[in-house]
Amino acid sequence: MPLLAASAACQQPAAAPAAPQIEGTALDGSGIGGPFTLIGKDGQQVSWDQFKGKYRIVYFGYTFCPDVCPLDLGRMMQGYLKFAEQHRDLADQIQPIFITIDPARDTPERVGQYAANFTPKLLGLTGSQAQIDAAVAAFKVSATRGEDRPGGYLMNHSRFAYLMDRDGKPLEALPIDKGPEAVAADLARQVR
């Protein structure tokens, strides 16, 4: 009997199961995000602090974007809606936000209509150039105006869908490049 007890003491404890891995890029401690005051579709001011207590998905782009922005926003919102099918109560605690990087063309009405094309839940925001510049800087987004061309100019910008926690701190860049299923899966892992 003592021999059996001694051998049991030498066994390694069972390893804890590994936490599910996110598909996106973790952003803990990145310093991404910060307060802003912008303008919603109705012309009213909208501040970052209005969303305190809610998760936020934040994407920067522009309504005249011919390809990347609609593709990214489509995947982001399809992923959100897939998540909402399984987790309605938690989905209600997420505010998806689209912030323009082209306030010269993206009026409150235009950005509101554009966001609503994806789902009424997506909030479209614009503002003065100074307000947009402050938000772009807070979220460490790259955004520059391209050359004038027939049909107008394009904007060059980074492509991230930031998932922020209830206090407005960054959690991850959602995997919009991997499709709606990956976005939904990461929301299920992160939103509690």
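Since the model is a prediction, treat every value here as computed from it, not as a measurement.

The rules behind each value
- Residues numbered from 1 in each chain as written.
- Predicted model: local features only at pLDDT ≥ 70, side-chain atom pairs only at ≥ 80, totals over all residues.
- Heavy atoms only, no water.
- Buried < 20%, exposed > 50% of the residue type's maximum accessible area, 1.4 Å probe, protein only.
- Helix = DSSP H or I, 4+ residues; strand = E, 2+ residues; numbered from the N terminus.
- Pairing = 2+ DSSP bridges.
- Right-handed = clockwise from strand over helix to strand, strands pointing away.
- Phe/Tyr/Trp six-rings, centres within 6.5 Å; stacked < 30°, edge-to-face > 60°.

(A) Spotlight on the pairing of strand β5 (residues 94-100). Burial analysis of β5 places 7 of its 7 residues in the buried class, which makes it a mostly covered element. Alternating residues of β5 divide into I94, P96, F98 and T100 and Q95, I97 and I99, and every residue in both groups is buried. Here strand β4 (residues 55-61) runs beside β5; their pairing, made up of 7 bridges, is parallel. Across the sheet, residue Y55 finds its bridge partner in β5, namely I94. Relative to strand β6 (residues 123-125), β5 is paired through 3 bridges, and the arrangement is parallel. Within β6, the residue paired with I99 across the bridge is L125. At this point the chain moves from β5, through helix α4 (residues 108-116), to the parallel β6, and the crossover so formed is right-handed.

(B) Layout of the packing of aromatic side chains. Applying the stated criterion to the full structure yields 8 aromatic pairs. Pairing F139 with Y162 gives two aromatic rings, centres 5.9 Å apart and planes at 40 degrees, and the pair type is tilted. Taken together, the residues F139 in the loop between α5 (129-138) and β7 (143-145) and Y162 in strand β9 (residues 161-164) connect sequence positions 23 residues apart. Per residue, the accessibility class of F139 equals that of Y162, and both read buried. Taken together, F36, W48, F60, F139, F160 and Y162 form an aromatic cluster joined through their ring pairs.

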